[in-house]
Amino acid sequence: MGVRKSQPSLGDIREAQRTEPNLRRQLAARAFYRDAKRLQAFGGSVALILALVAPLIRYWDPDAGPVLGAVAGLWIFLARLVVRPLRDRRRQMGAFTQERFDVEVLGLTPNLSLRQIVSEEEIRRASGDAANFANAPAWYPTDADAVWPESVLICQRSNAVWARRQHRSYGLILAAMAGTWFLVGVVVGIASDASLATYLAALALPSLPALLDASELAREHLKAATRRRETEQRISDLMDAGTATETDLRDIQDHLFSLRRGAALVPEWYYKLVAGRFENDMGYAAKQIAEKDN
């Protein structure tokens, strides 16, 4: 299985992340997050369908507004009591599995206060057959080399910057979509000469789940981006000072874990859209930092 190496260089990290146990952890974490994203997409899709259908039904059958409002209210109840807990459980499993990957690959001291919620059997099942390993990309950029602790700080910084950029860009998209859809509802209501009561029952209430989801997620993503920026700045300060200790690295890892466990999820389609560009940027930045320190 391989033994975790303390104080690894980037070269050591490169080798460690390609071993079978760590490849399985990497793939399993992605699978758990993917399941969480699917649950989130399901909930968002239902809310979006309600929002899109409401204006159309307003023209076809004005009397159907109260029924749509009741359906929307029921969905808000089900989404928050059923779909979200299932999503959060899979997200936590992804965060814990990623934490195990980081501890082994980066040579970190495990945080013994974290209760283990993912078994080796679950990791084995989620990671699939060994044939998947050949196509698994390297998680951390290790083309250059750097000694410890800069090696670990470079990887932690890459993690923070990647997530920060995703959260911020997607959060802004969600905020723009929510604002646009609210204005569309107002325009439709005015164009159809709807009274305030009719507008609220036939247009506003059916759109409420989608608007709530979009506005809440936008705030969560932007908040997560801000917190990642703070972690990124702390890492940069430690790099500049050249005084990082094992305790510092563990503390940064705890912040990253906390963000993974509770941060909003970026949809898989958006992740795939930006992944290639972000990987190139991350690899370039890591190489520049490593060469500067050397």
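Residues numbered from 1 in each chain as written. Predicted model: local features only at pLDDT ≥ 70, side-chain atom pairs only at ≥ 80, totals over all residues. Heavy atoms only, no water.

**Observations regarding the overall build of the protein chain**
Next, step 1: Scanning the protein chain from terminus to terminus reveals eight helices and zero strands.
Next, step 2: Secondary structure elements of the protein chain occur, N-terminal to C-terminal, as α-α-α-α-α-α-α-α.
Next, step 3: Buried positions account for 48% of the 294 residues belonging to the protein chain.
Next, step 4: Sequence-distant contacts, at least 24 apart, represent 87% of the contacts inside the protein chain between residues at least 6 apart. (Helix = DSSP H or I, 4+ residues; strand = E, 2+ residues; numbered from the N terminus. Buried < 20%, exposed > 50% of the residue type's maximum accessible area, 1.4 Å probe, protein only. Contact = heavy atoms within 4.5 Å.)

**Observations concerning the side chain of Gln26**
Next, step 1: Turning to its location among the elements, Gln26 is positioned in helix H2 (residues 20-60).
Next, step 2: Those residues in contact with Gln26 that lie beyond four places of it in its chain are Gln17, Phe101, Ala136, Pro137 and Trp139.

**A closer look at the packing of aromatic side chains**
Next, step 1: Per the stated rule, a full pass over the model turns up eight aromatic pairs.
Next, step 2: Ring plane angle 50° and centroid distance 6.0 Å describe the contact between Trp162 and Tyr271, whose orientation is recorded as tilted. Residue Trp162 is located in helix H5 (residues 150-191), and its partner Tyr271 is located in helix H8 (residues 268-293); the two are separated by 109 residues in the primary sequence. Side by side, Trp162 and Tyr271 carry an identical accessibility label, which is buried.
Next, step 3: Through pairs of rings, three or more aromatic residues link up here, namely Phe101, Trp139 and Tyr140.
Next, step 4: Note that Arg165 overlies the ring of Phe278, its terminal NZ or CZ placed 4.1 Å from the centroid. (Phe/Tyr/Trp six-rings, centres within 6.5 Å; stacked < 30°, edge-to-face > 60°. Lys NZ or Arg CZ within 6 Å of the ring centre and 35° of its normal.)

**Structural notes on the nonpolar core**
Next, step 1: Core analysis: the largest hydrophobic core is formed by 25 residues, its most contacted members being Leu10, Val105, Leu106, Leu153 and Ile154.
Next, step 2: Among the elements of the structure, helix H1 (10-16), helix H3 (65-106), H5, helix H6 (196-241), helix H7 (246-262) and H8 are those that each provide at least two residues to this core.
Next, step 3: Per element, the largest residue contribution to this core is five residues, and it comes from H5.
Next, step 4: Residues within four places of Val105 in sequence aside, it is in contact with Pro8, Ile13, Ala16, Gln17, Asn22 and Tyr140.
Next, step 5: Core analysis: the next-biggest nonpolar cluster, separate from the first, contains 13 residues, Leu174, Tyr270, Ala275 and Met282 among them. (Core = buried A, V, L, I, M, F, W, Y, C linked by side-chain atoms within 4.5 Å.)

**So, unusual backbone geometry**
Next, step 1: With an omega of 5°, the peptide bond between Trp148 and Pro149 qualifies as cis.
Next, step 2: Here Pro149 is to be found in the loop between helix H4 (120-127) and H5.
Next, step 3: Within the chain, Gln7 stands out as a residue other than glycine whose phi angle is a positive 50°.
Next, step 4: Considering the arrangement of structural elements, one finds Gln7 in the segment before H1.

**With respect to H7**
Next, step 1: For H7, which comprises 17 residues, the first-to-last C-alpha distance of 25 Å matches the rise-based estimate of 24 Å (1.5 Å per residue) to within 8%.
Next, step 2: Regarding H7, the residues found buried are Asp248, Leu249, Arg250, Ile252, Gln253, Leu256, Phe257, Leu259 and Arg260. (Expected span 1.5 Å × (residues − 1).)

**Regarding the layout of surface pockets**
Next, step 1: Its volume calculated, the largest pocket comes out at about 1100 Å³.
Next, step 2: Arg30, Trp139, Trp162, Gln166 and Tyr271 are, among the 48 residues lining the largest pocket, the residues nearest its centre.
Next, step 3: Broken down by secondary-structure element, the contributors of at least two residues to the lining of the largest pocket are H1, H2, H3, H4, H5, H7 and H8.
Next, step 4: For the lining of the largest pocket, the residue count by class is 23 nonpolar, 13 polar and 12 charged.
Next, step 5: By volume, the second largest pocket amounts to about 790 Å³.
Next, step 6: The wall of the second largest pocket is formed by 31 residues, among which Gly44, Tyr170, Leu174, Asp213 and Leu217 lie closest to the centre. (1 Å grid on protein atoms, 1.4 Å probe; cavity = no way out; pocket = protein on both sides within 12 Å on 5 of 7 lines; lining within 4 Å. Points joined across faces, edges and corners; volume = space filled by probe spheres on them. Nonpolar A, V, L, I, M, F, W, Y, C, P; charged D, E, K, R; others polar.)

**A word on the pattern of salt bridges**
Next, step 1: Applying the stated criterion to the full structure yields 18 salt bridges.
Next, step 2: With a shortest N-O distance of 3.0 Å, Asp281 and Arg165 are connected by a salt bridge. In this pair, Asp281 is assigned in helix H8 and Arg165 in helix H5, connecting sequence segments 116 residues apart.
Next, step 3: For Asp281, a relative accessible area of 33% gives the class partly exposed. (Salt bridge = Lys/Arg side-chain N within 4 Å of Asp/Glu carboxyl O.)

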